[in-house]
Amino acid sequence: MNKSIAYILIILTFGCGTKNLHQNRIYIQDDKLYGELENGLPDKDTLIELKNKNGTVSGIGKMAVSKDNVSDIKCGLWKEYDSDGILSSEGNYKISSFIDCGMGGAFRAFYYYRIGEWKYFKKNGELDFALDFVPKMHHVDTRCEGGDNMIFGIIDTIPLNYWDKVDANKIYELQKITFSDQYAITTIIPLNGKIYIETENNL
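This report concerns the structure included in the present document. It should be emphasised that the depicted structure is a prediction, and the values quoted were computed from it without experimental measurement.

One pass over the full model with this rule turns up eleven aromatic pairs. Here Tyr93 and Trp118 contribute two aromatic rings whose centre-to-centre distance is 5.0 Å and whose plane-to-plane angle is 65°, an arrangement assigned as edge-to-face. You can see Tyr93 sitting in strand S4 (residues 87-102) and its partner Trp118 sitting in strand S5 (residues 105-121), a full 25 residues away along the chain. The same class applies to Tyr93 and to Trp118, which are both buried. Ring geometry for Tyr111 and Tyr113: centres 6.2 Å apart, planes at 45°, overall tilted. Judged by its relative accessible area of 6%, Tyr113 falls in the buried class. An aromatic cluster of at least three residues, connected via ring pairs, comprises Tyr93, Tyr112, Trp118, Tyr120, Phe129, Tyr162 and Phe179. The ring of Trp78 carries the charged tip of Lys74 above its face, separated from the ring centre by 4.6 Å.

Where S4 and S5 come together, 13 bridges link them in antiparallel fashion. Bridge pairing in S5 places Asn92 opposite Ile115. Between S4 and S5, which pair antiparallel and follow one another directly, the connecting turn spans two residues. In terms of strand pairing, S5 meets strand S6 (residues 127-140) through six bridges, oriented antiparallel. Following the sheet pairing, Lys119 is matched in S6 by Ala130.

Below, the discussion takes up the environment of Glu36. Along the chain, the position of Glu36 falls in the loop between helix H1 (2-24) and strand S1 (45-51). Judged by its relative accessible area of 56%, Glu36 falls in the exposed class. Within the local environment of Glu36, its side chain forms a polar contact with the side chain of Lys32, the two groups lying 3.5 Å apart.

Take helix H2 (residues 168-175) next. Within H2, burial applies to Ile171, Leu174 and Gln175. Each buried residue of H2 lies within a common arc of 95° when the element is viewed along its axis, so the set occupies one face. In this structure, the buried residues of H2 make contact with S5, S6, strand S7 (148-155), strand S8 (177-180) and strand S9 (184-191). Backbone nitrogen of Asn169 and a side-chain oxygen of the N-cap are separated by 3.3 Å at the start of H2; the cap is Asp167.

This paragraph deals with the environment of Lys79. Summarising the element assignment, Lys79 is placed in strand S3 (residues 69-81). Considered as a pair, Lys79 and Glu90 are eleven residues apart in the sequence and their alpha carbons are 4.4 Å apart. Apart from residues no more than four positions distant in its own chain, Lys79 is found in contact with Ser58, Gly59, Ile60, Leu87, Ser89 and Glu90. A polar contact of 2.5 Å, which involves the side chain of Lys79, links it to the side chain of Glu90.

Rules and cut-offs
- Within any chain, residue numbers begin from 1 and follow the written order of that chain's sequence.
- With pLDDT at 70 or above as the cut-off, local features in this predicted model cover only qualifying residues; side-chain atom pairs require 80 or more to be listed or tallied, and sums for whole chains, interfaces and linings still use all residues.
- The side-chain figures draw on all heavy atoms in the structure; neither hydrogens nor water molecules are used.
- In this scheme Phe, Tyr and Trp rings, the latter by its six-membered ring, pair at centre separations within 6.5 Å, and the angle between planes marks the pair as stacked below 30 degrees, edge-to-face above 60, and tilted otherwise.
- A run of H or I in DSSP becomes a helix once it reaches four residues, and a run of E becomes a strand once it reaches two; helices and strands are each numbered from the N terminus.
- The classification of residues rests on relative accessible area computed with a 1.4 Å probe and restricted to protein chains. Under 20% of the type maximum is buried, over 50% is exposed, and intermediate values are partly exposed.
- Two limits define a charge over a ring: the Lys NZ or Arg CZ must be within 6 Å of the ring centre, and within 35 degrees of the ring normal.
- In this scheme, strands are said to pair when DSSP sees at least two bridges between them.
- In the analysis that follows, any N or O atom pair within 3.5 Å is treated as a polar contact, provided that within protein one partner can donate a hydrogen and the other can accept it, and provided that, for residues neighboring in sequence, both atoms belong to side chains.
- The directions from the helix axis to the C-beta atoms are what the arc is built from.
- By the convention used here, residues are in contact when the closest approach between their heavy atoms is within 4.5 Å.

Any functional reading would require information that these geometric values do not contain.
What follows is the structure, encoded as structure tokens:
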């Protein structure tokens, strides 16, 4: 009788273990869409010049390329310009991702974030201020149970010589990342260790 009980317990233990192992091996769509993302950079990229609706240059830098298609994911050094085509900021972006869930199951959602020193310029081309973006882990609520963690660049400290130019509201705005496609405008906002994602129609 004791041998029978022991045999049943062994079957249940290994049976449950195998079941859980298979449950953890879920298929993730677009898992390596941009390659291995070594150091936050894609396997392939291409230099792009972005223009606003008026035809004025709004940005110059690289976009990640996947399966020979150019994405809207920025990477590496970027120069960004205001509505008049005057340089407003420059710095580096890196790529990361988190797991979300949809009708077709789990998929990897890619995004970009600021990292390292970013310089911000006055209208006359002079440096206004420079800030360092530090990569930190944040939690994001997704359509998957429990959400996920994602890395994002935030401003840890403000140099003393820029205290009169950069306040809490400025930091809040500078830390945001906004990008758009033909369907929606997406804004990623880091706040108190969490990521908030806002979308609006772009039709």
